[in-house]
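Residue-level structure breakdown
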Amino acid sequence: MRTDPTFWLLARAGGLTAYALLTSAVLAGLAVKSRPLSTRIKAADATDIHRFLSLLALGAVGLHGLALTLDHSVRMPLAGLVVPGLSPYRPLATGIGVIAAELMVVIYASFSLRRRIGIKSWRRLHYLTFAVFGAATVHGLAAGTDEWAFGLYASAVAAVAAMTTWRVITKGGTRHAPVPRRDRSVAL
Amino acid sequence: MTDHTARLYAFAISILVFFVAWAAVAARPWAPATPSKPDPQVAALVAKEKRVRAETIAARRVLASRRRAAALAAAAPATPPQPSVRIVTLPPLTITRTS
Amino acid sequence: MLRRAFPAMGTQVELLLDSDASAESEVAFARAEREFERLEALLSRFRPDSELSELNRARVLDASDDLVTVTRLAVEARERTGGLFDPTVHDALVAAGYDRTFDDLAPDSAAEAARPCGGGVQIEGGRIELEDGFRLDLGGIAKGYAVDRAASLLRRAGPCLVNAGGDIAGHGRLWPVGVATADGELTLGLENGALATSGRDRRRWRRGGREAHHLIDPATGSPAESDVLRVTAVAPTAVEAEVLAKTIFLGAPAQSPAVLVTADGRTVMAGGLR
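Read on for an overview of the structure. (Residues numbered from 1 in each chain as written. Chains lettered and ligands numbered in written order. Predicted model: local features only at pLDDT ≥ 70, side-chain atom pairs only at ≥ 80, totals over all residues. Heavy atoms only, no water.)

1. Section: the overall build of chain B
To be explicit about the condition: Runs of E in the DSSP output that reach at least two residues are strands. Runs of H or I that reach at least four are helices, and both are numbered from the N terminus. Residue exposure (1.4 Å probe, protein chains only): buried if accessible area is under 20% of the type maximum, exposed if over 50%, otherwise partly exposed. Residue-level accessible areas treat just the shown protein chains as cover; the underlying method is Shrake-Rupley with a 1.4 Å probe.
Secondary structure summary: chain B contains two helices and two strands in total. Reading the helices (α) and strands (β) of chain B from amino to carboxyl end gives α-α-β-β. For chain B, the residues scored as buried account for 17% of the 99 residues in total. As presented, chain B carries roughly 7400 Å² of accessible surface, and 69% of it is formed by carbon and sulfur atoms.

This is the structure we're talking about:
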């Protein structure tokens, strides 16, 4: 019986890192659109860092899943990474994690496809990020085996809640690239 | 134009977070290492070990006292002439039982 | 064959005299019976007014000759048996549940922790001094002592046998004594000697739901755990026979004739018994 816990540890570390990155991505997405940051950072830069953090989060999620399949204490089949409920260990909790991850991939990809699906639909889809965050939190609490991390989850949820409230309240302005001056004196 | 500095920072910090998380998780590897419930076999073994240990101590004490008695009996001088007792086929006039 | 029976020392005492009825035999019987009464009043731990109880309370006592003699016999037995026989088991016995005369024992009660044995006993002249925290129980030897004393009184009237609940001394002729084996009975022919049976199959009760009996192993302070049910041992005096029966029960090798009955239903002849 393999008792080497390395992959087990990597899976947990990866999961926590993914959660931290997801939280920062969400916070970044909210913060850069609200004051005071929104008027100080270029929209393009803000979007870029928000997207990059999301990408890193996806990478960490991938590491988390890979480590779980390689670990021997939880016999996670490869298919269990994409089909929710296949895990022999706490299938409901891990299933929620699978759904959250897949949703994350979809939302990330949707950015490149936003012209195809239309801005309005894209926006609505993007709001699902909150669902992803919620599902990831539930997954971390229910399937996770690090009881000491409860404080992290609580802080993350508090931060996201606070930032969301702030965003809603301040309805931040946007710093756009300077609009090229129209010469109003041009004759019609 | 992408801000490579910002991306680099983000990447570096996420790597740092990852290693810190790994260290934190490794610091408590058995909490719990396997997702199963506390192994009932292990718990039973621990209880059995405690019991065996206590029994060993008691047994040793008993054996020591018996060894002392046997040593004394062995070291005793020639036993005095024993009263003659033999199994007979007469009907008993009285009986002995545990007193 | 003349026979007398009376209760004493928590058991039934039987006196046998192989002679014709006469004034002498009557006197002998009466003396023997009185001796039992006298010694019980002196040596019983269940009587608060006995001299033994007084000693146990006061820890120091200028005792009467009989108490001194019996205590000395007990201490010598302890030395001789390497501690297997120990009169200072009193508190351990009480802790195990034997805190009153056997007939009055409760069938079950809460368990108590075992108490240590092996306490010091100093005998100087007529003074007995007990180590602090230890009390004497002479139950393992007093009956034998009384049997020997009664027999010495009775034998003046002829060949006699004294049987106090299984502790027997016989003089003057061959006395056939029945011994219950695992699956029947055998008869030992006792001539000028004594025999006694000790075991865990009679004086037993329940404590804290578990079986307890009166043969304390001084090494543990609790009723001895043994595969043996009872032992019948032979010796020149009843005191020695009683001590021997107990120590063989606790595992001492039998170097004189003895009959052992085990818990799994076997009868073992030991010590050259044939």
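Structure's up, so let's keep going.
2. Some points on the interface of chain B and chain C
So the rule is basically this: Throughout, a contact is declared for two residues whenever any of their heavy atoms are within 4.5 Å. When two components associate, each loses some accessible surface as probed by a 1.4 Å sphere; the sum of these losses over both components is called the buried area. What counts as a salt bridge is simple: a side-chain nitrogen of Lys or Arg found within 4 Å of a carboxyl oxygen of Asp or Glu. Here a polar contact is recorded for every N or O atom pair within 3.5 Å, except that within protein the pair must consist of a potential hydrogen donor and a potential acceptor, and residues adjacent in sequence are included only if both atoms are side-chain atoms.
Counting residues at the interface gives 27 residues for chain B and 61 residues for chain C. In this assembly, chain B packs against chain C so that about 3400 Å² is buried in total across both faces, 58% of it on carbon and sulfur atoms. Ranking the residues of chain B by area buried against chain C places B:Thr96, B:Thr98 and B:Ser99 at the top, with a combined share of 20%. Between the two partners, chain B and chain C, sit zero salt bridges. At the junction of chain B with chain C, the criterion picks out 13 residue pairs in polar contact (both at pLDDT 80 or more). Per-element accounting of the side of chain B that touches chain C gives the leading share, 10 residues, to helix α2 (residues 40-75) of chain B.

3. As for the pattern of salt bridges
Residues and elements named next belong to chain C. In the structure shown here, the tally under the stated rule is 18 salt bridges over all chains. Its salt-bridge partner being Glu14, residue Arg3 comes within 2.6 Å of it at the nearest N-O pair. Residue Arg3 is located in strand β1 (residues 2-8), and its partner Glu14 is located in strand β2 (residues 11-17); the two are separated by 11 residues in the primary sequence. Taking relative accessible area as the criterion, Glu14 reaches 13% and is therefore assigned buried. For Arg149, the salt bridge identified is with Glu35, shortest N-O distance 2.9 Å. With Arg149 in helix α5 (residues 142-154) and Glu35 in helix α1 (residues 23-43), this residue pair connects regions lying 114 residues apart in the sequence. On the accessibility criterion, Arg149 (33% relative accessible area) is partly exposed.

4. Concerning the environment of C:Pro48
In this structure, C:Pro48 sits in the loop between α1 and α2 (51-58). The exposure class of C:Pro48 is exposed, given its relative accessible area of 59%.

5. Brief notes about the sheet that holds strand β5 (residues 121-124) of chain C
Residues and elements named next belong to chain C. What counts is decided by this rule: Between any two strands, pairing holds if DSSP finds at least two bridges. Here the axes come from fitting lines to C-alpha atoms, over the contacting stretch only for helices, and the angles between their N-to-C directions go from 0 to 180 degrees.
As summarised here, the arrangement of the three strands in space is β3-β6-β5, forming an open sheet in which the pairing is antiparallel. Only two strands of the sheet have a single neighbouring strand rather than two, namely β3 (60-62) and β5. Each strand axis lies, on average, 10 degrees off the axis of its neighbour in the sheet, ignoring direction. Sheet topology places β5 next to strand β6 (residues 127-130); four bridges connect them, and they run antiparallel. The partner of Val121 across the bridge, within β6, is Leu130. In the packing of α2 onto the sheet, the strands contacted are β3 and β6, and the crossing angle to β3 comes to about 140 degrees. Packing of helix α3 (residues 65-80) onto the sheet brings it into contact with β3, β5 and β6, and relative to β5 it is tilted by some 130 degrees.

6. Digging into the packing of aromatic side chains
All names here are of chain B. Selection rule: Put simply, two rings from Phe, Tyr or Trp (the six-membered ring, in Trp's case) pair if the centres are within 6.5 Å, and we call them stacked under 30 degrees between planes, edge-to-face over 60, tilted for the rest.
Going through the model one piece at a time under the given rule, you end up with 10 aromatic pairs over all chains. Each ring, one from Phe18 and one from Trp22, has its centre 6.0 Å from the other, and the planes form 45 degrees; the classification is tilted. With Phe18 and Trp22 both in helix α1 (residues 4-27) and four residues apart, this pair spans about one turn of that helix. The class for Phe18 is buried, based on a relative accessible area of 12%. When its relative accessible area of 26% is taken as the criterion, Trp22 is described as partly exposed. Judged by centre distance (6.1 Å) and plane angle (25 degrees), the rings of Phe19 and Trp22 are stacked.

7. Notes on α2(C)
Along an α-helix, residues three or four apart share an orientation, since each turn contains 3.6 residues. All names here are of chain C. Along α2, the positions that sit buried rather than exposed are Glu51, Leu52, Ser53, Leu55 and Asn56. Its buried side turned inward, α2 meets α1, β3, α3, α4 (90-96) and β6. Phi for Arg59, located one or two positions after α2, is positive at around 70 degrees.

8. Section: the sheet that holds strand β4 (residues 108-109) of chain C
All names here are of chain C. One open sheet holds the three strands; their spatial order is β4-β10-β11, and the pairing between them is mixed. Where the open sheet ends on each side, the last strands, each with one partner, are β4 and β11 (210-213). Here four bridges tie strand β10 (residues 204-207) to β11, and the two strands are oriented antiparallel to one another. In the strand pairing of β11, Trp205 is matched with Ala212.

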